[in-house]
Amino acid sequence: MKTAFFDTKPYDKPAFELYGKEKGIEFKFFETKLNADTAQLADGCDAVCVLVNATVAAEVVDTLYGYGIKLIALRSAGYNNVDVKHAYGKIHVVHVPAYSPNSVAEHAMALLLTSVRRIHKAYNRTKDFNFSLNGLTGFNLHGKTVGIIGTGKIGKIFADICGGFGMNVIAYDKFPPQESKIKYTSPDEIFEKSDIISLHCPLNSETRHMIDKAAVEKMKKGVVIINTSRGALIDAEALLEGIKQRKVGAACLDVYEEESDIFFEDLSGHIMNDDLLARLISMPNVIVTSHQAFLTEEALDNIAATTVNNIISCFENDGICENELCYRCGNIEECKKDRKERCF
Ligand code: NAI
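Residues numbered from 1 in each chain as written. Predicted model: local features only at pLDDT ≥ 70, side-chain atom pairs only at ≥ 80, totals over all residues. Heavy atoms only, no water.

1. Regarding the overall build of the protein
Next up, step 1: When helices and strands are counted, the protein shows eleven helices and 13 strands.
Next up, step 2: Its C-alpha atoms give the protein a radius of gyration of 21 Å, near enough to 20 Å, the size a compact globule of 344 residues would have.
Next up, step 3: Along the longest, intermediate and shortest principal axes, the C-alpha atoms of the protein span 60 × 50 × 35 Å.
Next up, step 4: Here the protein holds 344 residues, and the buried ones make up 48% of them. (Helix = DSSP H or I, 4+ residues; strand = E, 2+ residues; numbered from the N terminus. Rg over C-alpha atoms; globule rule 2.2 N^0.38 Å. Buried < 20%, exposed > 50% of the residue type's maximum accessible area, 1.4 Å probe, protein only.)

Shown next, in the form of structure tokens:
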């Protein structure tokens with residue numbers, strides 16, 4: 001069984017080679033991302049394996065289908081880049097729903113601590129033998145209110161971590177659990193009461209730009225905003241304006257709306273074309289990591305193991321795979337997966 005593996009990075013290969021060999025999957029590794037121009041590389045394979053920054057629009061689905069590709073195996077949780085409706089009935093789609101929620105939650109806390117204790121500045125200073133403390137005053141997390149938007153797998157762990165720091169945790173989730181120790185409230189109250197706001201909900205038409213000019217206006221002066229979820233949850237122009245107005249005290253961004261051609265690449269030595277990102281990065285109170293929150297040894301191992309199992313499940317026996325998804329998923333009347341059947 002051959003799988004075309006797009007957007008290969010050195011840290012991807014070892015675990016995929018290991019699990020692939022064990023289960024009889026040959027991975028053909030390509031450094032390029034999957035898009036309309038590169039889809040032809042998949043000719044002769046049975047499946048493609050892609051990340052969330054691939055462009056799997058309708059025309060790419062049709063090209064892959066023409067080559068006889070039967071499976072798009074995402075090695076990410078998010079799948080907003082795949083036209084799942086167009087793929088329905090043609091190519092099955094699987095993803096890795098959770099590879100290490102702890103890795104993302106811990107990264108969110110790492111960003112927060114770095115920001116509020118000015119570790120990024122101190123690191124640069126001491127490298128230069130500058131041992132001055134001027135300008136490094138931080139603040140305690142203990143006793144501060146953190147507003148968490150989205151308390152699924154990652155948000156819940158982040159809430160626990162914040163609880164361990166003695167923070168007052170409030171949260172908004174469109175589908176809050178029946179019972180919880182967390183105090184649930186409205187988005188407006190999150191904006192108004194939080195010293196720190198951390199985003200852990202999915203990106204969809206409802207959540208796109210949930211942090212916009214109006215939301216920033218409602219926030220406390222000096223608020224710290226953390227986004228390890230999806231870039232487009234934040235209107236980056238509004239965030240920048242909030243920073244310039246001294247309303248937003250700090251921003252910790254692991255994701256950015258226009259990240260797809262920028263993050264994961266070494267662009268040092270190039271001219272940065274994205275003025276907005278360049279301006280954000282130039283701010284002393286903005287920390288940007290390039291979609292790194294997932295990147296732990298444990299997560300990479302889980303991603304490879306789950307993806308290989310997904311591919312095997314789809315090609316063997318009844319083809320039922322618990323991680324298959326389609327545009328009907330979640331629709332109680334139409335979702336076949338809920339009935340333990342194949343999506344199509
Ligand atoms: P999850 O599905 O377990 O939790 C999402 C939560 O958001 C659920 O509780 C859901 O009810 C809630 N939600 C749905 N719509 C909402 C809305 N309109 N407003 C508020 N809450 C809403 O997802 P998980 O695993 O916790 O992941 C969260 C996000 O983290 C993902 O959507 C993904 O975008 C991002 N992520 C980022 C990674 C990184 O490396 N930076 C890695 C993995 C995930």
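2. Focus: the domain arrangement of the protein
Next up, step 1: Domain annotation for the protein reports domain 1 (2-99 + 297-319) and domain 2 (101-288).
Next up, step 2: Spacing between the C-alpha centres of domain 1 and domain 2 amounts to 31 Å.
Next up, step 3: The junction of domain 1 with domain 2 conceals about 780 Å² of combined surface from both sides, 54% of it contributed by carbon and sulfur atoms.
Next up, step 4: Its largest share of buried area at the contact with domain 2, domain 1 owes to Lys9, Lys33 and Asn53, together 40% of the area lost on that side.
Next up, step 5: Here domain 1 is connected to domain 2 by one residue pair in polar contact (both at pLDDT 80 or more).
Next up, step 6: Its residues assigned to classes, the side of domain 1 that touches domain 2 shows seven nonpolar, three polar and three charged. (Domains from an automatic or database assignment. Buried area = accessible area lost by both parts, 1.4 Å probe. Polar contact = N/O pair within 3.5 Å; in protein donor to acceptor, adjacent residues only side chain to side chain. Nonpolar A, V, L, I, M, F, W, Y, C, P; charged D, E, K, R; others polar.)

3. A closer look at the layout of surface pockets
Next up, step 1: In this structure, the largest pocket spans a volume of roughly 1600 Å³.
Next up, step 2: Forming the walls of the largest pocket are 47 residues, and the residues nearest its centre are His200, Cys201, Pro202, Leu203 and Ser229.
Next up, step 3: Contributions of two or more residues to the lining of the largest pocket are made by helix 4 (101-116), helix 6 (153-164) and helix 7 (187-193).
Next up, step 4: Examining the composition of the lining of the largest pocket, we find that three residues originate from one element, helix 6, more than from any other.
Next up, step 5: Looking at the lining of the largest pocket residue by residue, the classes come out as 26 nonpolar, 14 polar and seven charged.
Next up, step 6: Each of two domains, domain 1 (2-99 + 297-319) and domain 2 (101-288), supplies a minimum of three residues to the lining of the largest pocket.
Next up, step 7: Along its surface, the second largest pocket is lined by 21 residues, and Val52, Asn53, Asn80, Glu257 and Ser260 are the ones closest to its centre. (1 Å grid on protein atoms, 1.4 Å probe; cavity = no way out; pocket = protein on both sides within 12 Å on 5 of 7 lines; lining within 4 Å. Points joined across faces, edges and corners; volume = space filled by probe spheres on them.)

4. A closer look at the packing of aromatic side chains
Next up, step 1: Under the definition given, this model contains nine aromatic pairs.
Next up, step 2: Between Phe5 and Phe16, the ring centres sit 4.7 Å apart and the planes meet at 70°, which makes this aromatic pair edge-to-face. Here Phe16 lies in helix 1 (residues 13-23) and Phe5 lies in strand 1 (residues 2-5), a separation of eleven residues in the sequence. Residues Phe5 and Phe16 agree in their burial class; the two are buried.
Next up, step 3: Each member of the aromatic cluster is reached from another via a ring pair, and the members are Phe5, Phe16, Phe27 and Phe29. (Phe/Tyr/Trp six-rings, centres within 6.5 Å; stacked < 30°, edge-to-face > 60°.)

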